[in-house]
Structure formats: C-alpha cells, structure tokens
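Per-entry structural report
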Amino acid sequence: MKVFLNKTEINIFKGARISELVLAYSERSYKMLKSGKLCVYDRFGNLTETDGPVYEGQVFFLKRAE
Amino acid sequence: MTKAHYKFYLQHTFMKLKAFFLFAVVFALFSLGNHTVAQKHRKTTEIIIMHTNDMHSKIDNFGKLAYLADSLRKMHKYVFLVAAGDNFTGNPIVDMYPDMGYPMIDLMNMLKFDVTAIGNHEFDMGQELQNKRREQANFPYISCNIDASKAIVKQPEPYVILKAGKIKIPFLAIIQLGENGLPDSHPSRLEGITFTDGLTKASEYVWLKEKYGMLIGLTHLGVELDEPLAKAYPQFDVIIGGHSHTTMTKPMMVNGVMIVQTGSGLKNVGITTLQVTKGKITDRKYELVPLAGIKGTKPEVQAVIDKYNSNEEMSRVVAYAERAFENEEELGCMMTDAITARMKIDFAFQNGGGIRIPTLPQGNIMLKDIFRLDPFGNQVVTFKMTYDEIKSLICNAYNREKSLDMVPSGMTYTVTVNSEGLCSDVEMKDLSGKLLDESKTYTVGVNSYISASYKFNHTDPGTTNYNTTAQTLLDYLAEVKKVNYAGVKRVFEKK
C-alpha cells in the first residue's frame, strides 16, 4: 500500500505500523525516532505514537521532538 | 359620613388591606418558589470523563491512574472512567498469563472503569476468551457495528447510558473496519461475526441525542475516520477516540464536535469536562494528563501490578529442547519453521539481527526464553514472490553486511560471492535437495522488520495476519512440544 511520509511515497505492506513506515523511509530517521529525537505527526498536526497503524493513502510528517 | 358608615368603611378598607396583604404574601412566596425552580433549571452540573485508549496490556501506570481517579472522585460528584478499545495485546505479562488477559480486567475492575469500546485487539484472544474477559469485567463492552448473533462471542450492546444524577449520558461505540470489511485481527478469530461500516451504522443511533440531549462517541475508528464521523453527525458532542494512537494535547474541533484521543500504552489519560445546563452540554474542556507526571500511586493497585510483574508466569515451560541450540542459525531455523508450519506457506526467512540470543541449552524452554529470543513484537508478513524476487531478498540481505543473513525454512541456499565480497548469485534447493522451480511463484513469510527495512524486489506489497513472530513460535512449540535443531544447517556460501 502507498503511504506518504514527508511528502515521499512509501510502498509498504498492509498492516504496517508507524515505526515500520519510518524504517522503510530511512534507517537513520528510524534510529532518531527510536531515540526520541524525531516525532511523527498526522495530516491534522496531531502527534502519533510509533506503534500506531498505518493505512493506504495516509499522510504523515517527521519533525524534531520538542 | 355617619358613624355606622365610617365603621363600615374602616372594616371594608381593613379587609381590602388584609386581602391585599395576603395576596402580596402569596405572590411573594409564589415568585420565590418560581425563582428557586428557575435557579434549579439554570443550575450547571459538571461531569468529568476520564478516558484512555489503546492501553495494549500496559499495566505499569494503573497505580497512578487509580491515584488520579480517586483524587478526582473525591473532589467532583460525577466522574466517569472509560476506555476506547484495544485493552489487550502488547505485554506478555498480560497476554501470556495462563488465563489470557486476566490481569488487565482485574486492574480495570479495581479502578472501576465504567465502560469500554470493543477494539480490534479485543478479538486477539479469540471469541471464547473474550467472553470470559467480559464476564470478568464489572463494566460493559460496547460496539454498535458488530453483529455476533451467529458467533461464539456474546453480542455487545451498541451503547451504554451513564447516569450523573438525573442526567443521562449515552456513550455510543464504533469499531474500525479494514478494506476487507473486518477489524484488524486474524480473520480466524472473527468467524461468524458480521461487521457493518461504522459511519453508516451511526445514523441508526443519532436519536440518542434527541432523547438524552447529548451524545458521546466512544470510538475505535482512528482519527482519520473520527473526522468524517464528526462531519456527518454533528449530533455528537464529543468523540472519545482510539485506534490511531494519536496523542492530542488539544482537542480537534470538527463541525462543532470535539474529538479527543490520548495516544497509547496508558502513557496518558484524557480528562474531558462537560458543563450541563438544562439537560444540554453548554461547555466542554479537554486536558491531556501524562501519567509520568503523577507522583502518587494507589498502594493496593500498585501491589497488584507488582505481583503481576514479578514474572512468575514467564517461567512457564512452553516446550522441550532435546538438544541444545548451539548457534543463531539453529535458533533461526526454529523461528522460520514456526512460520511455514503455522501459516502453511512455502518459505520463511529470519534476519540474523533479529535472533537476540546466541544459544539455548538443552532442556525446558520457558516463556521468557521466547521473549528473549524474539523481543521486538514484529508481525509476520507474507509475500507472493517469484524465484528471482526471493533471490533478490537473499542477495540484498547478504550485501548489507557482506555475510550470510537470512535464515530460511523450507529450503537451503548457497550464495556465490564475487571478488568484491558481494553476492552475485544464489542457488536455492528444496528440503529434498532439488533445485527450486524458477517458473513458480511462492508464498514467503518474513517479519515486519525485514518487510520495512530490507530492499528487495517484490511486486506483492505484502500483508500481515496480525500475529507476531513470537506468538507464531509459541503456537508452533505448543503443537510440537519437543524440538531438536542440533546440527541443522541451511545457509552456505561459496567464493
């Protein structure tokens, strides 16, 4: 399925979670996410936990943690 | 005026005055009474709803939640505690408890939860166990778009009415469905249950707003569906959401509906405060409270958490190793055999980095050994793959570290390494020693880490059955009871 992270289209398996989406996007970003340096936000600007599910067509953004 | 006339005049005037005085008193009393009634009608009732969602068996913060709930219950007359689904799956202490899930409901009962929505992970334990947990619970499980009339699981009520004095507050629950029309759980656990699209089903319950003057959604839809729900049904005053693990520090306002959600894993609790005047909600406030910031804990709840966390259950024997596992390859072969056996597929692969212990001694294999071996909670993902695509997986995996990586089930393989130390070819054979048919398409299982992180060719995007690799291994070991992988070798390289 196609999901968008930082405006990049990522092709990922159905049933994937946020952490796996970020891993598919970039291993470096994944490590920063795991260490708390980055956070994931949905298209409404809400913070999303890394264990949240991901669905076709969803849009997410990585941002530096505050 | 004569004396008689004067006397009559005085008496008459006095009577009129008396009548007037009586009238004035009655009028005053009546007005006062009316004013009191008017005041009563104008009186505002404050209602506190504490809510959490997607706790996923995480119990460590229950003591703090209890402390906070008790504090609020002492200060406020009407306090409710509700959950928006997915109370299970995510902590072996709860999920692998001999009576699966028991600790979670035990703790939710101690905290006097008022209601929970049914989430997709409520089905993970199977329908019979869900019934058992629901019998254990002192609070109802609700969902309006589940028809379990032909299933083992008990039919849930669509909504519940919680009472705050004379005020009645309906909570309507809705569960999310995937593209296949089912919630995200293994289809085998949903047999006999019919699900209806929640956004459509909600239309059958908007009468609750008319009847009770207010309507709270307790949804397990995810914020992407809470938003259109709010747009379609402004009758909702508040949507307390779950499923998407969204942490809202402030509420989302959509079409006049307040949408809230608190993340996952009981890291936070939401406190939604309603002001109700003349039977209608006149004000709504939401606050996200991180439980890490709560310094107090309720001792009796903490004692129960500590008892569960003492890990006695983790020493439960799950199988017997007839011979010791001497290396990661032998362990990896057991992990992948579990996948091919349980999922009845052609091949499976395990990355070396995901085999987290180097050896396992002969003797009893305990539950904790499995979670030491495979602690990540990765899901099993299956792909339909061609011969060349499987080669690309093995070859690209080799090239990551210039060493053998993928441990297989269902085949052996030999990597040919070129002068630069990179994989140039892979020869694959089935377990009888025959070369694999290059024209066939195979079903291959890997973990979700490989699916997301490894670059390999695959037209099929892959799909998960929502089982973790650890759970798959446990199910396999429960079936075979004894294992012996001494000397098993399935990966080779040649230069």
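Reading guide: rules and limits
Residues numbered from 1 in each chain as written. Chains lettered and ligands numbered in written order. Predicted model: local features only at pLDDT ≥ 70, side-chain atom pairs only at ≥ 80, totals over all residues. Pairing = 2+ DSSP bridges. Helix = DSSP H or I, 4+ residues; strand = E, 2+ residues; numbered from the N terminus. Axes fitted to C-alpha atoms, helices over the stretch in contact; angles between N-to-C directions. Contact = placed C-beta atoms within 7 Å. Domains from an automatic or database assignment. Nonpolar A, V, L, I, M, F, W, Y, C, P; charged D, E, K, R; others polar. Parallel < 35°, antiparallel > 145°, perpendicular 65-115°, else oblique. Left-handed = near helix turned anticlockwise from the far one by under 90°. Buried ≥ 20, exposed ≤ 12 C-beta atoms within 10 Å, placed from the backbone.

Residues and elements named next belong to chain B. A sheet is described by the order of its strands in space; here six strands give the open sequence 6-7-9-10-13-12, paired in mixed fashion. Every interior strand has two partners, whereas the edge strands, strand 6 (159-164) and strand 12 (252-254), have only one. Neighbouring strand axes in the sheet, compared pairwise and without regard to direction, differ in orientation by 25 degrees on average. Sheet topology places strand 6 next to strand 7 (residues 167-175); six bridges connect them, and they run antiparallel. Bridged to Lys 163 within strand 7 is Lys 168. This element, helix 8 (residues 223-232), spans strand 9 (216-220), strand 10 (238-240), strand 12 and strand 13 (257-260) of the sheet and lies at about 170 degrees to strand 13.

What follows is about the domain arrangement of chain B. Residue and element names in this part refer to chain B. With domains assigned, chain B is organised as domain 1 (42-309) and domain 2 (316-494). Computed over C-alpha atoms, the centres of domain 1 and domain 2 are 39 Å apart. Contacts between the two partners involve five residues from domain 1 and, on the opposite side, five residues from domain 2. The residue inventory of the side of domain 1 that touches domain 2, partitioned by class, reads two nonpolar, two polar and one charged.

This paragraph deals with the interface of chain B and chain A. With 22 residues of chain B at the contact, the number on the chain A side is 21 residues. Only helix 8, strand 11 (246-247), strand 19 (379-386), helix 13 (448-453) and strand 24 (463-468) of chain B provide two or more residues apiece to the side of chain B that touches chain A. Counting residues per element, the side of chain B that touches chain A draws most heavily on helix 13 of chain B, which supplies four residues. Looking at the side of chain B that touches chain A, its residues break down into seven nonpolar, 13 polar and two charged.

Attention shifts here to the sheet that holds strand 18 (residues 363-366) of chain B. All names here are of chain B. Pairing in this open sheet of three strands is mixed, and the strands run 18-16-25 from one edge to the other. Where the open sheet ends on each side, the last strands, each with one partner, are strand 18 and strand 25 (482-483). Direction of pairing for strand 16 (residues 317-321) relative to strand 25: parallel, over a ladder of two bridges. Along strand 25, the bridge assignment pairs Tyr 320 with Lys 482. Each of strand 16, strand 18 and strand 25 touches helix 14 (residues 469-480); the most contacted strand, strand 16, lies at about 65 degrees to it.

Turning our attention to the packing of helix 2 (residues 62-75) of chain B against helix 9 (residues 299-309) of chain B. Residues and elements named next belong to chain B. Running from N to C, helix 2 and helix 9 point in directions that differ by 165 degrees, and their axes come no closer than 8 Å. Between helix 2 and helix 9, the interaxial angle falls into the category roughly antiparallel. Regarding helix 2 and helix 9, the two cross each other, and that crossing is right-handed. Of the residues in helix 9, those touching helix 2 at Phe 62, Gly 63 and Ala 66 are Val 301, Gln 302 and Ile 305. A class-by-class count of the residues in the contact of helix 2 with helix 9 yields four nonpolar, two polar and no charged.

As a further point, take unusual backbone geometry. Residue and element names in this part refer to chain B. The backbone of Ser 57 shows a phi angle near 65 degrees, a positive value even though the residue is not glycine. Among the secondary structure elements, Ser 57 is positioned in the loop between strand 1 (44-52) and helix 2. Given 23 C-beta atoms within 10 Å, Ser 57 falls into the buried group.

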